[in-house]
Amino acid sequence: EGRLTFDDVSFAYDAERPILKGVSFEIAPGGTLAVVGPSGAGKSTLARLLFRFYDVTGGRILIDGQDIAKVTQTSLRGAIGIVPQDTVLFNDTIGYNIGYGREGSGQAEIEAAARGASIAGFIESLPDGYQARVGERGLKLSGGEKQRVAIARTLLKNPPILILDEATSALDSRTEAEIQGTLNAVAARRTTIVIAHRLSTVVDADEIVVLEAGRVVERGTHRALLRKQ
Ligand code: ADP
Ligand code: ADP
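What you are looking at is a predicted structure, and each value in this text was computed from that prediction instead of being measured. (Residues numbered from 1 in each chain as written. Chains lettered and ligands numbered in written order. Predicted model: local features only at pLDDT ≥ 70, side-chain atom pairs only at ≥ 80, totals over all residues. Heavy atoms only, no water.)

## A look at the pairing of strand 3 (residues 32-36)
Side chains on a regular strand alternate between the two faces of the sheet.
So, step 1. Taking burial as the measure, the five residues of strand 3 include five buried ones, the bulk of the element.
So, step 2. Side chains Thr-32, Ala-34 and Val-36 project from strand 3 onto one buried face, and the interleaved Leu-33 and Val-35 project onto a second face that is buried too.
So, step 3. Of the pairings in the sheet, the one linking strand 3 to strand 8 (residues 191-196) comprises five bridges and is parallel in character. Its bridge partner being in strand 8, Val-35 is matched across the sheet by Ile-195. (Buried < 20%, exposed > 50% of the residue type's maximum accessible area, 1.4 Å probe, protein only. Helix = DSSP H or I, 4+ residues; strand = E, 2+ residues; numbered from the N terminus. Pairing = 2+ DSSP bridges.)

Written out as structure tokens, the structure is:
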């Protein structure tokens, strides 16, 4: 479960200016694919199409063989989790921030889930030393710690498909390296798209596609792409 297919996907925000041009790739269940490319290449647009913020203008996106155009928003949201680049947290507890917006899960339940570690990978993604403090107010969190809260928030949903949308690009390189370990562990268990600027942050991806001006211009493993540079 969790096979993801982009089949000749095209997209334009306005008809005069195509943004994505015939993008195809497939990720096997549990696999990791990285989309790397310069700013403006269309990487975030790919993620928005997967969420159906916008509909494709050509081609299809399939999850387990099913066209997402025919899937309800609710089941799509259940199937996909995103860790964004910048996480804005509420001035509240970690538990609240992790559970925010989650239907049927009040803060008390989130905190109970966190304490009981009932969700695989949930506790390990919390900031170090905060596992026992999910109910505490007024915690000052660094950028890296905020990203760990964002990861936990996404994991609580336990989505089969995960999007890491430049999840570490706002962090300094030491913090990025620290978080990368957590992300690798999280990504190992589910189908993952990693969106990144730099080849150096996606060493572990099964496949890397290089996107330029809306087209896939290269694809291969990290090692193979380095050889070509
Ligand atoms: P990347 O994530 O690779 O930096 P984006 O997907 O954000 O690229 O952007 C690709 C192109 O689409 C850019 O030229 C950008 O200006 C344009 N674009 C992004 N969002 C919108 C939007 N909401 N309306 C119109 N054009 C957009
Ligand atoms: P939730 O179940 O909390 O809505 P989602 O995974 O649907 O979780 O979305 C998490 C957050 O990320 C939401 O606030 C959503 O608006 C935002 N989001 C979704 N897709 C994107 C995207 N492509 N770029 C930036 N933010 C996004």
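Having put the structure on the table, let's press on.
## Thoughts on the nonpolar core
One broad rule of soluble globular proteins: the nonpolar side chains tend to lie buried together.
So, step 1. Of all hydrophobic cores here, the largest spans 30 residues; its most connected members are Leu-4, Phe-25 and Ile-80.
So, step 2. Considering every element that reaches this core, the biggest residue donor is strand 2 (residues 17-27), with five residues.
So, step 3. For Leu-4, the residues in contact, after removing those within four places along its chain, are Phe-25, Glu-26, Ile-27, Leu-50, Ile-61, Leu-62, Ile-63, Ile-161, Thr-191 and Ile-193.
So, step 4. Counting 21 residues, the second-largest nonpolar core is a separate cluster that includes Val-83, Ala-167, Leu-183 and Ile-208. (Core = buried A, V, L, I, M, F, W, Y, C linked by side-chain atoms within 4.5 Å. Contact = heavy atoms within 4.5 Å.)

## A look at the packing of helix 5 (residues 143-156) against helix 6 (residues 173-187)
So, step 1. Axis separation between helix 5 and helix 6 bottoms out at 10 Å; the angle between their running directions is 10°. Relative to helix 6, the element helix 5 is oriented roughly parallel. Together, Gly-144, Gln-147, Arg-148, Ile-151 and Leu-155 of helix 5 and Thr-175, Glu-178, Ile-179, Thr-182, Leu-183 and Val-186 of helix 6 make up the contact between the two elements.
So, step 2. Broken down by class, the residue content of the contact of helix 5 with helix 6 amounts to five nonpolar, four polar and two charged. (Axes fitted to C-alpha atoms, helices over the stretch in contact; angles between N-to-C directions. Parallel < 35°, antiparallel > 145°, perpendicular 65-115°, else oblique. Nonpolar A, V, L, I, M, F, W, Y, C, P; charged D, E, K, R; others polar.)

## Remarks on the environment of Ile-27
So, step 1. Take Ile-27: it is sitting in strand 2.
So, step 2. Spatially, the C-alpha atom of Ile-27 lies 5.8 Å from that of Arg-3, the residues being 24 residues apart in sequence.

## Notes on the site of ligand 1
So, step 1. Close to ligand 1 lie 13 residues; Arg-17, Gly-40, Lys-43, Ser-44 and Thr-45 are nearest.
So, step 2. Separating an oxygen atom of ligand 1 from a side-chain N or O atom of Thr-45 is a distance of 2.5 Å.
So, step 3. Here a nitrogen atom of ligand 1 sits 3.4 Å away from a polar atom, N or O, in the side chain of Arg-48.
So, step 4. Taking 560 Å² as the accessible area of ligand 1 by itself, protein coverage stands at 66%.
So, step 5. For the shell around ligand 1, the secondary-structure elements that each account for two or more residues are strand 2 and helix 1 (43-50).
So, step 6. It is helix 1 that provides the largest number of residues to the shell around ligand 1, a total of four residues.
So, step 7. Of the residues that constitute the shell around ligand 1, the class distribution is five nonpolar, five polar and three charged. (Near = heavy atom within 4 Å. Polar contact = N/O pair within 3.5 Å; in protein donor to acceptor, adjacent residues only side chain to side chain. Areas by Shrake-Rupley, 256 points an atom, 1.4 Å probe, with all protein chains shown as cover.)

## Section: the sheet that holds strand 4 (residues 58-63)
So, step 1. Ordered in space as 2-1-4-5, the four strands form an open sheet in which the pairing is antiparallel. In the strand order of this sheet, the two ends are held by strand 2 and strand 5 (66-67), each with one partner.
So, step 2. The sheet contact formed by strand 1 (residues 4-14) and strand 2 spans seven bridges and is antiparallel. Directly across from Val-9, in strand 2, lies its bridge partner Val-23.
So, step 3. Packed onto the sheet, helix 1 meets strand 1, strand 2 and strand 4 and runs at close to 110° relative to strand 1.

## Quick word on the packing of aromatic side chains
So, step 1. Using the criterion set out here, one finds five aromatic pairs in the structure.
So, step 2. The interplanar angle of 20° and the centroid separation of 4.5 Å between the aromatic rings of Phe-6 and Phe-25 together place this pair among those described as stacked. Of this pair, Phe-6 sits in strand 1 while Phe-25 sits in strand 2, and the two are 19 residues apart along the sequence.
So, step 3. Overall, Phe-6 belongs to the buried group, its relative accessible area being 2%.
So, step 4. Here Phe-11 and Tyr-54 contribute two aromatic rings whose centre-to-centre distance is 5.6 Å and whose plane-to-plane angle is 55°, an arrangement assigned as tilted. Here the residue Phe-11 occupies a position in strand 1, and Tyr-54 occupies one in the loop between helix 1 and strand 4, the gap between them amounting to 43 residues.
So, step 5. Classification of Phe-11 as buried rests on a relative accessible area of 4%.
So, step 6. The exposure class assigned to Tyr-54 is partly exposed, which follows from its relative accessible area of 36%.
So, step 7. Among the aromatic side chains, those forming a connected cluster through ring pairs are Phe-11, Tyr-13 and Tyr-54. (Phe/Tyr/Trp six-rings, centres within 6.5 Å; stacked < 30°, edge-to-face > 60°.)

Honestly, it's all geometry; don't read function into it.
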